[in-house]
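Letter by letter, the chains look like this.
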Amino acid sequence: MKKQSSIRFVAGAFALLLLAPLMTGKGMQVADAAPAAGIIVPLYTYPGGTWDTVVKTKNNHPAVPIVAIVNPANGPGGSKDSNYVSGIAQLKAAGVVVIGYVSTAYTSRSLTAVKGDIDKWGSWYGVDGIFFDEQTNWAGGESYYTQAGDYAESKGLGFTVGNPGANSLPSYLSTVDVVLIYESPGLPNLSNYVSWGSSAKDQLGMIPFSVSSLPTSWLKDATGFIGWVYVTSDGLPNPWDSLPTYFDDTAALLDGGSTGGVPTHQLTVKSLDQTGNPINGMWMEVKQNGATVSTGYTPLTLTLKDGTYTVSVGNYQQIIFDHWSDGSKSSTKSINLSSNTALTAYYNNGVVTSPLSVKLNAGKTAALAGTSITFGASILGGTAPYTWSINYGDGTSSPYVSASTISKVYNKAGTYTAVANARDATGKTATSNPVALTITESTSTLTVKTVDPLGSAINGYYTTLWQNGALVGSAYSPTSFTLKTGQTYQLSVADYGSYVFDHWNDGSTIRQKTVTLRESTTVTAYYKTTKVTLTIKSVGLDSSPITGLWTVISGAGSMTGYTPLSYTANSGSQYTVTMGEYQNYVFDHWENGSTSKSRTITPNSNTVLTAFYRQ
């Protein structure tokens, strides 16, 4: 299904303030005045200052399309967060298109789980679309994303974005509205993407990070063939947990750049109590080079030229300044104003806040390798809302999240010490008690059996087990080995006596068998015999024994003699048995009904032939 109708809808919505578009059924006609490119920003922070900056930038540049990707907990999370509800509403009210993060794990995540996340985004937060992260970029995955995108559209979440984070195939452009073909540190070499020149630019995007300053020339070149871009100075391990200082400048560049003269920017100052509630009417004074530029009461918004300023805040009765949003304690703050800037002053309003503390809880402290451990945290004091992360003790840590639990799979046996780190709304941090975890290897049983061609057990066959060229163990069949789950081993069985290996129960005929042990498993080796016994009997029509009738066996070896006659034959070889007659004993038939005195057989096991005679 082509995804053009929904992207036309979004582009039309962006252009609404510039030119009233013509409504055409489901979507809107795109206005000619729409800008050359828009911003698609991974807004992976808790609702607050960075969200406010996005709103202000959108207000400053209403003609520039801005899409915000929101991500409470690697998806919508386990429950609805009221702060996200209000934050998303504010973004949308400003004209920002909001889409919800959904992991696809390169199609290894089930579509049922993906659709479940889409349902939550729609019912809990009313977002405009879906961001499918970890999108494949190889042939064969298109159907998965087409189904996911169609489902999102059926739920009214019509703007879909796929993120392989690397160059992709043109076939993916039909699965979602936009494909992000670059997500890496530094600016990409645009000459590596010339093959996209014939594609619609509003279906392509790039989000480079670790870029220290606004890349003006690169942006102008890139937006010649891509319609969505976001560049940030933030870097690994999480390049999406802050906005660059040049975020508003990016929008200005896409909005047509500077109009000449000395640039001006908005400075906004607001005041909150320790729980994040507004305290309006606090006195503020802004100076430059010691001269007062402006005074007023919070919330205060000023339009100022580029330059360095000091902002001083006052107190009122029991409402005493405590800190700025960056944690600094001085009531006078110096800023270098080069873009729209928001400052937040936090006050104590007579209520004493207890110190921030966190306690880490583990659902279990002993587990098998490869199984999940769920952690929770009890956070007290400080200033809500809180976020927290875990140092797992294996050299990795989780990102800061607001979710109530975090899960971790330890794949390697050992002893680990995990600690939690909590952060409150003012930026204060606290570290938890350590929790010791013991991870042991998961084991499974490998059972080896040996049977004859008919499936009957034949025991005592020498069995060896190897791993990467090292002998793990040996025994005689039937036998069992207790081994580490998930690892790969090589199994071999030996011949003995008249029996030789023929095949395994899965049909393979190679004696050395490779086994990757996912769970307790039984394998069976089938043997064939090299020698079989061929017995010739003679009876009357009433089945009474008759002895002494001449018999000739010819073929792969020969023998003559009188019945009853036994002959050791080669398994799988062909023989002809011919019966003689004597006096009044006349051959009548074999036990299989054949009436010819000569009978050809190929024995694979011990065989008895019976010749019937009449008198």
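As shown above, the structure is provided for reference.
An account of the accompanying structure is given in this report. Just so it is clear, the model here is predicted, and its values are computed rather than measured.

### Here's the deal with the overall build of the chain
Thought 1: Per the secondary structure count, the chain includes 7 helices and 42 strands.
Thought 2: If you line up the chain on its principal axes, its C-alpha atoms span 140 × 60 × 40 Å.
Thought 3: Considering the chain as a whole, with its 615 residues, one finds that 45% of them fall into the buried category.
Thought 4: The long-range share in the chain, meaning contacts at least 24 apart out of those at least 6 apart in sequence, stands at 63%.
Thought 5: Looking at the chain as shown, the accessible area adds up to about 28200 Å², and 51% of this sits on carbon and sulfur atoms.
Thought 6: In the chain, 36 positive and 37 negative side-chain charges are present, and the distance between their average locations comes to 4 Å.

### Some remarks on the pattern of salt bridges
Thought 1: Here the structure, examined in full by the defined rule, presents 11 salt bridges.
Thought 2: The salt bridge partner of arginine 614 is aspartate 588, with a shortest N-O separation of 3.0 Å. One end of the pair, arginine 614, is in strand 42 (residues 607–614); the other, aspartate 588, is in strand 40 (residues 586–590), and 26 residues separate them in sequence.
Thought 3: Here arginine 614 falls in the partly exposed class, since its relative accessible area comes to 37%.

### Some words on the sheet that holds strand 29 (residues 470–476)
Thought 1: Judged by pairing direction, the sheet is antiparallel, and its 4 strands sit side by side in the order 29-28-31-33 without closing on themselves. Whereas interior strands pair on both sides, the edge strands pair on one side only; in this sheet they are strand 29 and strand 33 (513–516). In this sheet, adjacent strand axes meet at a mean angle of 25° when their direction is disregarded.
Thought 2: Both strand 28 (residues 462–467) and strand 29 contribute to a ladder of 6 bridges, which runs antiparallel. In the sheet register, leucine 465 faces strand 29, and the bridge partner there is glycine 473.

### Examining empty space enclosed by the protein
Thought 1: Counted under the stated rule, the structure contains 1 cavity of 30 Å³ or more.
Thought 2: Within this model, the largest cavity holds a volume of roughly 40 Å³.
Thought 3: Lining the largest cavity we find Thr53, Lys56, Thr57, Asn340, Thr341 and Ala342.
Thought 4: Of all the elements in the fold, those that place two or more residues in the lining of the largest cavity are helix 2 (49–60) and strand 18 (341–348).
Thought 5: With 3 residues, the top contributor of residues to the lining of the largest cavity is helix 2.
Thought 6: In the lining of the largest cavity, the residues fall into 1 nonpolar, 4 polar and 1 charged.

### Section: the sheet that holds strand 5 (residues 97–103)
Thought 1: The strand order around the closed barrel built from 8 strands is 3-4-5-6-7-8-9-10, with neighbouring strands paired in parallel fashion.
Thought 2: The pairing of strand 3 (residues 38–43) with strand 4 (residues 66–70) spans 5 bridges and is classified as parallel. Opposite isoleucine 39, over in strand 4, you have isoleucine 66 as the bridge partner.
Thought 3: Each of strand 3 and strand 4 touches helix 2; the most contacted strand, strand 4, lies at about 165° to it.

### Some points on the pairing of strand 6 (residues 129–133)
Thought 1: Of all 5 residues that make up strand 6, 5 are buried, and the element is covered over most of its length.
Thought 2: Side chains of strand 6 alternate between two faces, with Gly129, Phe131 and Asp133 and Ile130 and Phe132 buried alike.
Thought 3: Where strand 5 and strand 6 come together, 5 bridges link them in parallel fashion. Each residue of the ladder has a partner; that of isoleucine 99, found in strand 6, is glycine 129.
Thought 4: Pairing between strand 6 and strand 7 (residues 159–163): 5 bridges, direction parallel. Each bridged residue has a counterpart across the sheet, and for aspartate 133 the counterpart in strand 7 is asparagine 163.

### Some words on the packing of aromatic side chains
Working definition: an aromatic ring pair is given by the centre-to-centre distance plus the angle between the planes.
Thought 1: The tally for this structure, following the rule as stated, stands at 29 aromatic pairs.
Thought 2: Taking the centre distance of 5.3 Å and the plane angle of 55° together, the rings of tyrosine 462 and tyrosine 476 count as tilted. With tyrosine 462 in strand 28 and tyrosine 476 in strand 29, this pair connects stretches of sequence that are 14 residues apart.
Thought 3: Its relative accessible area of 35% is what places tyrosine 462 among the partly exposed residues.
Thought 4: Put simply, the rings of Tyr46, Trp51, Tyr84, Trp121, Trp124 and Tyr125 touch in pairs and so form one group of aromatic residues.
Thought 5: Over the ring of tyrosine 410 we find lysine 408, and its NZ or CZ is 5.4 Å from the ring centre.
Thought 6: Note that arginine 423 overlies the ring of tyrosine 400, its terminal NZ or CZ placed 3.9 Å from the centroid.

Cut-offs and rules
Residues numbered from 1 in each chain as written. Predicted model: local features only at pLDDT ≥ 70, side-chain atom pairs only at ≥ 80, totals over all residues. Heavy atoms only, no water. Helix = DSSP H or I, 4+ residues; strand = E, 2+ residues; numbered from the N terminus. Buried < 20%, exposed > 50% of the residue type's maximum accessible area, 1.4 Å probe, protein only. Contact = heavy atoms within 4.5 Å. Areas by Shrake-Rupley, 256 points an atom, 1.4 Å probe, with all protein chains shown as cover. Lys, Arg positive; Asp, Glu negative; His and termini not counted. Charge placed at Lys NZ, Arg CZ, Asp CG, Glu CD. Salt bridge = Lys/Arg side-chain N within 4 Å of Asp/Glu carboxyl O. Pairing = 2+ DSSP bridges. Axes fitted to C-alpha atoms, helices over the stretch in contact; angles between N-to-C directions. 1 Å grid on protein atoms, 1.4 Å probe; cavity = no way out; pocket = protein on both sides within 12 Å on 5 of 7 lines; lining within 4 Å. Points joined across faces, edges and corners; volume = space filled by probe spheres on them. Nonpolar A, V, L, I, M, F, W, Y, C, P; charged D, E, K, R; others polar. Phe/Tyr/Trp six-rings, centres within 6.5 Å; stacked < 30°, edge-to-face > 60°. Lys NZ or Arg CZ within 6 Å of the ring centre and 35° of its normal.

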